[in-house]
Amino acid sequence: MNPTAPPQKSQVPWWKTGVIYQIYPRSFQDSNADGIGDLPGILSRLDYLADLGVDALWLSPINPSPMYDFGYDVSDYRGISPEYGTLEDFQTLLDQAHRRGIRILLDLVLNHTSHLHPWFVESSRHRHSPKRDWYIWHDGKPSPWGKRSPPNNWLGVFGGRAWAWHEPTGQFYLHSFLPQQPDLNWRNPELREALFAVMRYWLELGVDGFRLDVVNWFIKDDRWRDNPPKPFGGLRPYEWQHHLYDKDRPEAIAIMREIRRIADEYGGFTVGEVFTPPPGNPELVAAYYDQGRGLHMAFNFAFTYCPWQAEAFAGAVERFEGALGPQDWPNYTLSNHDQPRAFSRYGNSVARAKVAAAMLLTLRGTPFLYYGEEIGMSNTRIPRRRLQDPLGKKYWPFHPGRDPVRTPMQWSAQANAGFSTGEPWLPVNPNYPSVNVEAQRNDPGSLLNWYKALLRLRKAEPALRLGSYGRLPAHRAVFCYERQLGEERILVALNFSSATQPLHLPMGATWKVLLATRGFSGEPLSGTLQLPGDGVLILKAMAYP
Ligand code: NOJ
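About the criteria used
- Residues numbered from 1 in each chain as written.
- Predicted model: local features only at pLDDT ≥ 70, side-chain atom pairs only at ≥ 80, totals over all residues.
- Heavy atoms only, no water.
- Helix = DSSP H or I, 4+ residues; strand = E, 2+ residues; numbered from the N terminus.
- Rg over C-alpha atoms; globule rule 2.2 N^0.38 Å.
- Buried < 20%, exposed > 50% of the residue type's maximum accessible area, 1.4 Å probe, protein only.
- Contact = heavy atoms within 4.5 Å.
- Areas by Shrake-Rupley, 256 points an atom, 1.4 Å probe, with all protein chains shown as cover.
- Lys, Arg positive; Asp, Glu negative; His and termini not counted.
- Charge placed at Lys NZ, Arg CZ, Asp CG, Glu CD.
- Near = heavy atom within 4 Å.
- Polar contact = N/O pair within 3.5 Å; in protein donor to acceptor, adjacent residues only side chain to side chain.
- Nonpolar A, V, L, I, M, F, W, Y, C, P; charged D, E, K, R; others polar.
- Core = buried A, V, L, I, M, F, W, Y, C linked by side-chain atoms within 4.5 Å.
- pLDDT = per-residue confidence, 0-100.

Participant: Describe the overall build of the protein, naming the residues involved and giving the relevant values.
Facilitator: Check the secondary structure of the protein and you find 15 helices and 20 strands. The C-alpha radius of gyration of the protein comes to 24 Å, within 12% of the 24 Å expected for a compact globule of 545 residues. Its C-alpha atoms give the protein principal-axis dimensions of roughly 80 × 50 × 45 Å. Counting the 545 residues in the protein, one finds 62% classified as buried. For the protein, long-range pairs separated by at least 24 residues make up 69% of all intrachain contacts whose partners lie at least 6 apart in sequence. For the protein, the accessible surface area stands at approximately 21200 Å², while carbon and sulfur atoms represent 53% of it. Distance from the positive charge centre (58 side chains) to the negative charge centre (55 side chains) of the protein: 4 Å.

Printed below as a string of structure tokens:
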């Protein structure tokens, strides 16, 4: 790959060089003993986050919500859920985060609202309501039994039909997720303006941007065609259809441009969730970037589906890099609030978690961290009576739902892991007496300190933030690549096996160790080395021929 010239500092937007940390507010830190995390709780942990070295926080939704889907069912786009605090608390958080150089991104859920949102209440009053067309209503089809049947075969992501019958007005409404989450009609210009006004409201208040929920659901087929069947697609009926017509419609891209235009007016950043089933669809994700005209970024979930093999991750990187246009900026995610935690996926091994972290934090692209990832939080088994997630409740015991990945942050060995002095809304992982921030803070070999070292390294080395990416040949168990910026060259070698593997360093340079898991001291390296099992080696070229 051609080395790129070092850009001027001011030319590079923060979201390219920064690291974004996702907080699930309900589970981060409780301040008032109700067992639910809140904004003052997050405020009290800002110093921890600054010390960790992250640049921005993405807060999962904090708007008022009846919590059928824990905030992803918004009943007031401009308010703060009383469970989490007040608008004043939010402003304090924003201000204090900014003072520490940390930006705040809000999660905007604009595909649907709560059924209790005043817009939907109004829309469902009668067929001629001025807001009727803000949602997706349909007469359905006549059925031989007198009742009408849904307009097509679309299914809800959380189970059942995607159409709910509304008896008082005699029509169906569309809900791509729960019946309590009616879909908004993005084809209606007035509705679009109302949603853009929501964006402006928060940007004017000083937020730094948005994570946009399920942007690939915004537009549906205008002819309401049936989705074709997909035999043996998965465990849930939803997976037995090709979702050709209920999402991923090409007209959505024009909306992304409008969203981008508004964000740009305020210097705001946007990252969209383009959810597709495993193994992900980088080309579709790239379409939402729209070559610099669409969203600043759309999530790349490829790593959340990769088996623990060097080739799988290397292939995912190449495919994503290949799908993006030259001006588009990649991003990587190991975990989020919808996916099993990376630590569990990769075999509950601290050594592997270190390899994964090194990869996430040294690739070309913006890394997204999920709270607790930095201490190796794992999936927690939730007893049936404590289940909260509608997905888990519906498909128990076949699908664990998402509660196992949303358990309280493990701060210390104190009761409830220091998360709350009340009864936590979800059980704390029983491993908290040993897996917690306090225990890892003073242990130089801990995962937490490894994350901190990587974050520091990324800040110190412009080539890691902005350099080009090029894969280097290596043993098939080793993922090896170079990041290059001007004269600077950094080599990253990641051993995905537990056995020692040979590593041939590129000829013509001697290398100094920037960071390594074990087995290397400060001496310059060249030629062939032995990379220990589960080992990470990050080197910098000292002399360039
Ligand atoms: C995607 C979110 O990440 C998920 O948590 C939520 O349930 C759905 N969108 C519906 O809003």
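Participant: Can you lay out helix α8 (residues 282-289) for me, pointing to particular residues and giving the numbers?
Facilitator: Counted residue by residue, α8 has six buried out of eight residues, so it is predominantly covered. Restricting attention to buried positions, one finds in α8 the residues Pro282, Leu284, Val285, Ala286, Tyr288 and Tyr289. Here the buried face of α8 lies against α7 (252-265), β11 (297-298), α9 (310-323) and β12 (331-333). Phi turns positive, to about 50°, at aspartate 290, one or two residues after α8.

Participant: Report on the site of the ligand, specifying residues and quantitative values.
Facilitator: Around the ligand, a shell composed of 13 residues is seen, among which Asp69, Asp213, His337, Asp338 and Arg402 lie nearest. Aspartate 69 is positioned with one of its side-chain polar atoms (N or O) 2.5 Å from an oxygen atom of the ligand. Aspartate 213 is positioned with one of its side-chain polar atoms (N or O) 2.7 Å from an oxygen atom of the ligand. In terms of residue class, the shell around the ligand is made up of four nonpolar, two polar and seven charged.

Participant: Let's hear about the nonpolar core: which residues, and what values?
Facilitator: Within the largest apolar cluster, 147 residues are counted, with the highest numbers of intra-cluster contacts made by Tyr21, Leu59, Phe90 and Phe479. When residues no more than four places from it in sequence are discounted, the contact partners of leucine 59 are Ile23, Pro25, Leu39, Ile42, Phe90, Leu93, Ile104, Leu105, Leu106 and Asp107.

Participant: A description of the confidence of the model for the protein should follow, citing residues and the corresponding values.
Facilitator: Taken as a whole, the protein shows an average pLDDT of 96; of its residues, 98% reach a score of 70 or greater. Scored below 50 in pLDDT, residues 1-7 makes 19 contacts in the model with residues more than four places away or belonging to other chains.

Participant: Please provide a residue-by-residue account of the side chain of glutamine 501, values included.
Facilitator: With respect to the secondary-structure elements, glutamine 501 resides in strand β17 (residues 501-504). For glutamine 501, the side chain forms a polar contact with the side chain of histidine 475, separated by 3.2 Å. For glutamine 501, the side chain forms a polar contact with the side chain of serine 497, separated by 2.9 Å. Filtering out sequence-adjacent residues up to four positions away, glutamine 501 remains in contact with His475, Ala477, Val478, Asn495, Leu529, Gln530 and Leu531.

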